Amino acid sequence: AQKITQTQPGMFVQEKEAVTLDCTYDTSDQSYGLFWYKQPSSGEMIFLIYQGSYDEQNATEGRYSLNFQKARKSANLVISASQLGDSAMYFCAMRYGNKLVFGAGTILRVKS
Amino acid sequence: EAGVVQSPRYKIIEKKQPVAFWCNPISGHNTLYWYLQNLGQGPELLIRYENEEAVDDSQLPKDRFSAERLKGVDSTLKIQPAELGDSAVYLCASSLNPYTEAFFGQGTRLTVV
C-alpha cells in the first residue's frame, strides 16, 4: 500500500534559521511524484514544491528545497532563513498513478 | 488569474439536514478533486473528476454523499442527510491533469450540530 509518513507532529525554529521537515514514503511504483503544501491558519492549501521520481536534481523554489533521497524513500522539505509567516501546517503528499495522498502534517512555529 | 473558489466558507447545520458545497476550479483545469480534512489530519480524497467524469470515487460514502460536475467546469458536493461525524473541512482542488500540482480553494468548514 502507498503510504506517506511525517514523524514530526510539531517543530520550532528560530527566525532566520533553516529548518528541515521530514517525510518518508512507501511505494512499489517506479513513477511517482512528491509534493509539499503549506496550510496557514486561514485554511488554504498552498503548493510549495514538487519532485518527480525520475528527477536527478533536488527541486528548489526560492527558500524551499526538497532533499530527495530515493534509496531511503525520503523527501524532506528544507526551509532556509525562516520567517514568521512560515508558521503553518506543512503537508507532504505523494502522487502515484492518478492518486494524490497526503501525510498527517507537521506544525511549524517560527519564533522571533 | 483567479484561484479555486469555494462557497460557502462556513456552514452550520443540524444533523439530518442536507447541505451542499460549491467549487469553481481554475480555468482550463480538467482535473477536479474533493477532499475531506478532519482537524489535525491530512486531506483525504473523496472524489476526483476528469472533465465531467468521476474517475475515482472509491472513498465517497455514496449512501449520503453525492457529487456532480456538469459541463466539466464547476462542481457541487452534497450530503444528505448530514451526521455529526461529517463535521470537517471540505476542500476542493484542481489541476491541469492528474499528474501536475493541485491548487486548492480555501475550503468549507462544516459544523453539524
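Up top is the structure.
Parameters and conventions
- Residues numbered from 1 in each chain as written.
- Chains lettered and ligands numbered in written order.
- Predicted model: local features only at pLDDT ≥ 70, side-chain atom pairs only at ≥ 80, totals over all residues.
- Heavy atoms only, no water.
- Disulfide = S-S within 2.5 Å.
- Helix = DSSP H or I, 4+ residues; strand = E, 2+ residues; numbered from the N terminus.
- Phe/Tyr/Trp six-rings, centres within 6.5 Å; stacked < 30°, edge-to-face > 60°.
- Buried < 20%, exposed > 50% of the residue type's maximum accessible area, 1.4 Å probe, protein only.
- Lys NZ or Arg CZ within 6 Å of the ring centre and 35° of its normal.
- Contact = heavy atoms within 4.5 Å.
- Buried area = accessible area lost by both parts, 1.4 Å probe.
- Salt bridge = Lys/Arg side-chain N within 4 Å of Asp/Glu carboxyl O.
- Polar contact = N/O pair within 3.5 Å; in protein donor to acceptor, adjacent residues only side chain to side chain.
- Nonpolar A, V, L, I, M, F, W, Y, C, P; charged D, E, K, R; others polar.

S.K.: Would you mind showing me how to read the state of the cysteines here?
M.R.: By definition, a disulfide is the covalent link that joins the sulfur atoms of two cysteine residues. Residue and element names in this part refer to chain A. This model, assessed by the stated rule, comprises two disulfides over all chains. Linked covalently through their sulfurs, Cys-23 and Cys-92 form a disulfide whose S-S length is 2.0 Å. Measuring handedness by torsion sign, the sulfur bridge of Cys-23 and Cys-92 sits at about -65° and is left-handed. Residue Cys-23 is found in the loop between strand 3 (19–21) and strand 4 (24–26), and its partner Cys-92 is found in strand 10 (residues 88–96); the two are separated by 69 residues along the sequence.

S.K.: Just checking my understanding: could you explain the packing of aromatic side chains for this structure?
M.R.: The description of an aromatic ring pair uses the distance of the two centres, along with the angle that the planes make with each other. Tallied over the entire structure, the rule returns 15 aromatic pairs over all chains. With centroids separated by 5.4 Å and ring planes inclined at 85°, the aromatic side chains of Phe102(A) and Tyr35(B) adopt a geometry described as edge-to-face. Of this pair, Phe102(A) sits in strand 11 (residues 99–102) while Tyr35(B) sits in strand 4 (residues 31–37), on two different chains. The exposure class assigned to Phe102(A) is buried, which follows from its relative accessible area of 9%. Here Tyr35(B) falls in the buried class, since its relative accessible area comes to 0%. Here Phe102(A) and Phe104(B) contribute two aromatic rings whose centre-to-centre distance is 5.9 Å and whose plane-to-plane angle is 80°, an arrangement assigned as edge-to-face. You can see Phe102(A) sitting in strand 11 and its partner Phe104(B) sitting in strand 10 (residues 103–104), one on each of two chains. With respect to burial, Phe102(A) and Phe104(B) carry one shared label: buried. Ring pairing ties together the aromatic residues Phe35(A), Tyr37(A), Phe47(A), Tyr50(A), Phe91(A), Phe102(A), Tyr33(B), Tyr35(B), Phe103(B) and Phe104(B), which thus form one cluster. Above the face of the Tyr64(A) ring, Arg63(A) is positioned so that its terminal group lies 5.7 Å from the ring centre.

S.K.: Help me out: how do you make sense of the interface of chain A and chain B in this one?
M.R.: Accessible area lost upon the coming together of the parts is a frequently used measure of interface size. Of the residues lining the interface, 18 residues belong to chain A; the matching set on chain B comes to 20 residues. With both sides pooled, the region where chain A packs onto chain B buries about 1,500 Å², and carbon together with sulfur makes up 51% of that total. For the interface between chain A and chain B, the tally reads one salt bridge. The partner of Asp56(B) in a salt bridge is Lys99(A), with the nearest N and O atoms 2.6 Å apart. If you look at where chain A meets chain B, you find six residue pairs in polar contact (both at pLDDT 80 or more). The set of elements that each furnish at least two residues to the side of chain A that touches chain B consists of strand 5 (32–39), strand 10 and strand 11 of chain A. Across the side of chain A that touches chain B, the residue classes tally to nine nonpolar, six polar and three charged.

The values reported here are purely geometric and, on their own, carry no functional implication.
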